[in-house]
Amino acid sequence: MQSRYSRLSWGLLVIVGILLGMGCGRTISPAVHQQAQPPIPFRELRANPEAFTGRTVILGGEILNTLNTENHTFVEVLQKPLDRSDAPRFTDKTAGRFMARCDSYLDPAIYAKDRQVTIAGRVLGRHTGQVGETEYVYPLMSCIETHLWPRTTAANAPYGYYDAYPWYPHLFYHHLHPFYGLHYPYYRHHRRHRR
Amino acid sequence: MGLAIAWRWMGLISVLLGVVACAPVFTPAVRSQVDPTFSYAELAASPASHVGRVVLLAGTIVDVTNLQDSTRLTLLQYPTGRRGQPRTHRPSGGRFLLLAPGYLEAEVYRPGRALSVIGEVKDSKTCR
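Fair warning: this is a prediction, and the values are worked out from it, not measured in the lab.

Caption draft 1: Quick peek at the pattern of salt bridges. For the coordinates displayed, the defined rule picks out 12 salt bridges over all chains. When the shortest N-O distance is used, the salt bridge between Glu50 of chain A and Arg126 of chain A registers 2.7 Å. One end of the pair, Glu50 of chain A, is in the loop between helix 3 (42–47) and strand 1 (56–68); the other, Arg126 of chain A, is in strand 4 (residues 116–131), with 76 residues separating them in the sequence. Residue Glu50 of chain A is classed as partly exposed on the basis of its relative accessible area, which comes to 38%. Among the salt bridges present, the one from Glu76 of chain A reaches Arg97 of chain A, with a minimum N-O distance of 2.9 Å. With Glu76 of chain A in strand 2 (residues 73–79) and Arg97 of chain A in strand 3 (residues 97–102), this pair connects stretches of sequence that are 21 residues apart. Assessed through its relative accessible area of 10%, Glu76 of chain A is described here as buried. Overall, the relative accessible area of 6% leaves Arg97 of chain A in the buried class. Linked through salt bridges whose partners overlap, the residues forming this network are Glu62, Lys80, Lys113 and Asp114 of chain A together with Glu107 and Arg110 of chain B.

Caption draft 2: Seen up close, the side chain of Asp86 of chain A. Residues and elements named next belong to chain A. Considering the arrangement of structural elements, one finds Asp86 in the loop between strand 2 and strand 3. From its side chain, Asp86 meets the backbone nitrogen of Ile28 in a polar contact 3.0 Å long. Not counting the four nearest positions on each side in its chain, Asp86 is found in contact with Arg26, Thr27, Ile28, His33, Thr118 and Trp149.

Caption draft 3: Seen up close, the state of the cysteines. All names here are of chain A. Inspection of every chain in the model, using the stated rule, returns 1 disulfide over all chains. Linked covalently through their sulfurs, Cys102 and Cys143 form a disulfide whose S-S length is 1.9 Å. An S-S torsion of about -60 degrees defines the bridge between Cys102 and Cys143 as left-handed. Of the two residues, Cys102 sits in strand 3 while Cys143 sits in the loop between strand 5 (134–142) and strand 6 (145–148), which places them 41 residues apart along the sequence.

Caption draft 4: Representation of the confidence of the model for chain A. Residue and element names in this part refer to chain A. Looking at chain A, pLDDT values average 83 and 76% of them are 70 or higher. In the predicted structure, residues 155–170 sits below a pLDDT of 50 and forms 8 contacts with residues beyond four places in sequence or in another chain. Here residues 182–186 is a poorly scored stretch, pLDDT under 50, and it has 3 contacts once near neighbours within four places are set aside; other chains count.

Caption draft 5: Quick peek at the sheet that holds strand 4 (residues 114–120) of chain B. Residues and elements named next belong to chain B. Here we have 4 strands laid out as an open sheet, ordered 3-2-1-4, and antiparallel in their pairing. Where the open sheet ends on each side, the last strands, each with one partner, are strand 3 (94–101) and strand 4. Strand-to-strand twist across the sheet, computed as the mean angle between neighbouring axes with direction ignored, equals 50 degrees.

Caption draft 6: Examining the packing of aromatic side chains more closely. Under the criterion given, the structure shown has 4 aromatic pairs over all chains. Seen in terms of ring centroids, Phe42 of chain A and Phe98 of chain A are 5.9 Å apart; in terms of plane orientation they differ by 65 degrees. Their pairing is edge-to-face. You can see Phe42 of chain A sitting in helix 3 and its partner Phe98 of chain A sitting in strand 3, a full 56 residues away along the chain. One exposure class covers both Phe42 of chain A and Phe98 of chain A, and it is buried. For the ring pair Tyr136 of chain A and Tyr138 of chain A, a centre distance of 4.9 Å and an interplane angle of 55 degrees mean the geometry is tilted. An identical accessibility class is assigned to Tyr136 of chain A and Tyr138 of chain A; each is buried. Among the aromatic residues, those joined into a ring-pair cluster are Tyr136 and Tyr138 of chain A together with Tyr103 of chain B. The ring of Tyr136 of chain A carries the charged tip of Arg97 of chain A above its face, separated from the ring centre by 5.7 Å.

Calculation criteria
- Residues numbered from 1 in each chain as written.
- Chains lettered and ligands numbered in written order.
- Predicted model: local features only at pLDDT ≥ 70, side-chain atom pairs only at ≥ 80, totals over all residues.
- Heavy atoms only, no water.
- Salt bridge = Lys/Arg side-chain N within 4 Å of Asp/Glu carboxyl O.
- Helix = DSSP H or I, 4+ residues; strand = E, 2+ residues; numbered from the N terminus.
- Buried < 20%, exposed > 50% of the residue type's maximum accessible area, 1.4 Å probe, protein only.
- Polar contact = N/O pair within 3.5 Å; in protein donor to acceptor, adjacent residues only side chain to side chain.
- Contact = heavy atoms within 4.5 Å.
- Disulfide = S-S within 2.5 Å.
- pLDDT = per-residue confidence, 0-100.
- Pairing = 2+ DSSP bridges.
- Axes fitted to C-alpha atoms, helices over the stretch in contact; angles between N-to-C directions.
- Phe/Tyr/Trp six-rings, centres within 6.5 Å; stacked < 30°, edge-to-face > 60°.
- Lys NZ or Arg CZ within 6 Å of the ring centre and 35° of its normal.

What follows is the structure in structure tokens.
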């Protein structure tokens, strides 16, 4: 009697474990993760991008601008710390902006402002731009893998929702969303860029 | 007897939670420099006579501009609550300008966000 119950609870535990594991995988491939070891603190990278030229980095944050040139797509991102599955955290904490230069065409209507993105690539050096009247130094990187995260439910939430309960969207933050992975290909904007 | 102890514990826990929820946003050292009798209406009426005073202002961001080595914000003033937060459901007292030293990320200090600030009155400016 007891053993039947214990077998049942073990089975349940395994199922729950598998379901949890499905939600918590890393997004960037293990090979690239390995290349990115040891990780470079973004603050140091921004202070002196040239010192890290050629190193592989995994960065993410909020898209500020996407610009297509003849051969490249430039994605300007406001850096955010990443969580264990390589997703940018929902926070105001940022160590600044970075610029990714991807060799493939990324559509600015998809890689739109305010969307969350994670990019793995190599440090190419620095990019100098203008933010208001401030001369701004961006670390410039290439794209090996990019992952565009689904829009948060917060963005789709009715007006006022988000302001009143800032902790609430956390629960439904892309991959933590109860239905993550069940929807259409919208959720699978993962690209391995040919270089 | 057991019930009385339970009630006492619940009382203690709710007081603790209350204290946690109301943690002040500014350090006491800075907060103590603020004149508690200050009224925004007086400041707005005659900024010149307030120059040099340390005040606590709160509001929502209307505009952000990064200057060469400072950041200029335009805010819509609202009365401050006990923790210094803007009470946006109250009537606004109008706009004020904030000149913050250094670079503030305009994509974080976005229009619409609520902001509280302790600073020194510098000047007044006429804008369109």
